[in-house]
Amino acid sequence: MKIATWNVNSVRKRAGNLTSFLKRVKPDVIVLQELKAQDEHFPHEAAHEAGYKCEVFGQKGFNGVAMISTHAVDNIQRGLPGDEADTQSRYIEGRIKTPMGPLTVGGLYLPNGNPIGTEKFTYKLGWMKRLEARARELLSRGEMFALAGDYNVCPTDMDVYDPRLFAKDALCQPESRAAYRRLLNLGLTDAVRAMHPDDTRWTYWDYTAGAWQKDNGLRIDHILLSPQAADRLRAVDIEKEERGKPEPSDHVPVWCELDVGD
DNA sequence: ATGCCGGGCGAAGCCCGA
């Protein structure tokens, strides 16, 4: 079972990149972030062409997330519980049956939170608190799950090309990192870090200032696994080559493979 | 370099991203 995540930075602009990625890497399920599109503008054909069905939680102009799968998905939830006033489309969740029991996948686009000291940073920390509550709820079931997406958190200085430049950035604040660490402390496993404990591997390169050419990147897209899912973790990868293609997203896909006996 | 690119919206210039 291959689970992927990708912040596509406009799903309409990236429809071609998405189709070729699905055909090349063949994830069973992929969660997408930053659709920047309403539900009715989602390029269903791009996914159908590669054999995928789509669950979309779009929003006009900004945000927007989706879950695309070759398997049947049920128990679909749109939106992160815990704040009825939150109108931003940043979370989608669904469940897939496997020979080893149900696998729940949550796709998330965690708020960026910049600049610090504003309501944007407060919103980020509040959102992370709600995500922790969701993780606790899922953990109580004792089943496999993956929370995958653009976390907008560099977990440690190892995940930033130049930590000094990001000392005041919301992605690297002690509060952001502590909230991320609370997820790990619940018993979740950072799939990429578990398989590559000592590597510097980026998932994002800014469009500006030649960041890609200089390999000035960040690791902010993550897949966190429940204990039952982490038991079955077999492989991970970061699809760096997508950043070098024409008209790329500034993020690249991340995936992990779980051995669920299929 | 708290936006150098890139995208959305909507029809010019502003908002947003990390």
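None of the values given here were measured: they were computed from a predicted structure.

A. View of the packing of aromatic side chains. Under the criterion given, the structure shown has 4 aromatic pairs. Here the aromatic rings of W205 and W212 are separated by 4.9 Å at their centres, their planes lie at 90°, and the arrangement is edge-to-face. A relative accessible area of 0% places W205 in the buried class. Its guanidinium or amino end placed over the ring of W255, K2 lies 4.2 Å from that ring's centre, counting from NZ or CZ. When the ring centre of Y109 is taken as origin, the NZ or CZ atom of R90, which lies over that ring, is 4.6 Å away.

B. Examining the protein's contact with DNA strand B more closely. For DNA strand B, the set of nearby residues contains 26 residues, the closest of which are S10, R14, N112, N152 and L218. In DNA strand B, atoms within 4 Å of the protein come from the sugar-phosphate backbone in 73% of cases. For DNA strand B, a phosphate oxygen lies 3.1 Å from a polar atom in the side chain of E34. Within the backbone of A209, an N or O atom sits 3.0 Å from a base oxygen of DNA strand B. Here the residues of the surface near DNA strand B are counted per class, giving 8 nonpolar, 9 polar and 9 charged.

C. Just the sheet that holds strand β6 (residues 91–96), in detail. Spatially, the 6 strands line up as an open sheet ordered β5-β6-β7-β8-β12-β9, and their pairing is mixed. On the outer flanks of this sheet lie β5 (74–78) and β9 (189–190), each paired with one strand and no other. Note that strand β8 (residues 144–150) and strand β12 (residues 221–225) share 5 bridges and pair antiparallel. Pairing of A148 across the sheet is with I223, part of β12.

D. Broad picture of the pattern of salt bridges. Summed over the entire model, instances satisfying the criterion amount to 23 salt bridges. Note that E49 is salt-bridged to K23, the shortest N-O span being 2.8 Å. Of this pair, E49 sits in helix α2 (residues 44–49) while K23 sits in helix α1 (residues 15–25); the two residues are 26 residues apart in sequence, bridging distant segments of the chain. Assessed through its relative accessible area of 41%, K23 is described here as partly exposed. Among the ionic pairs, D74 bridges to K97, the shortest N-O distance being 3.2 Å. A residue pair is termed long-range when its members are at least 10 positions apart, and D74 in strand β5 and K97 in the loop between β6 and β7 (103–109) qualify at 23 residues. Here the salt bridges share partners, and the residues they tie into one network are R24, E239, E241, E242 and K245.

Here is what the cut-offs are and how they apply
- Residues numbered from 1 in each chain as written.
- Chains lettered and ligands numbered in written order.
- Predicted model: local features only at pLDDT ≥ 70, side-chain atom pairs only at ≥ 80, totals over all residues.
- Heavy atoms only, no water.
- Phe/Tyr/Trp six-rings, centres within 6.5 Å; stacked < 30°, edge-to-face > 60°.
- Buried < 20%, exposed > 50% of the residue type's maximum accessible area, 1.4 Å probe, protein only.
- Lys NZ or Arg CZ within 6 Å of the ring centre and 35° of its normal.
- Near = heavy atom within 4 Å.
- Polar contact = N/O pair within 3.5 Å; in protein donor to acceptor, adjacent residues only side chain to side chain.
- Nonpolar A, V, L, I, M, F, W, Y, C, P; charged D, E, K, R; others polar.
- Pairing = 2+ DSSP bridges.
- Helix = DSSP H or I, 4+ residues; strand = E, 2+ residues; numbered from the N terminus.
- Salt bridge = Lys/Arg side-chain N within 4 Å of Asp/Glu carboxyl O.

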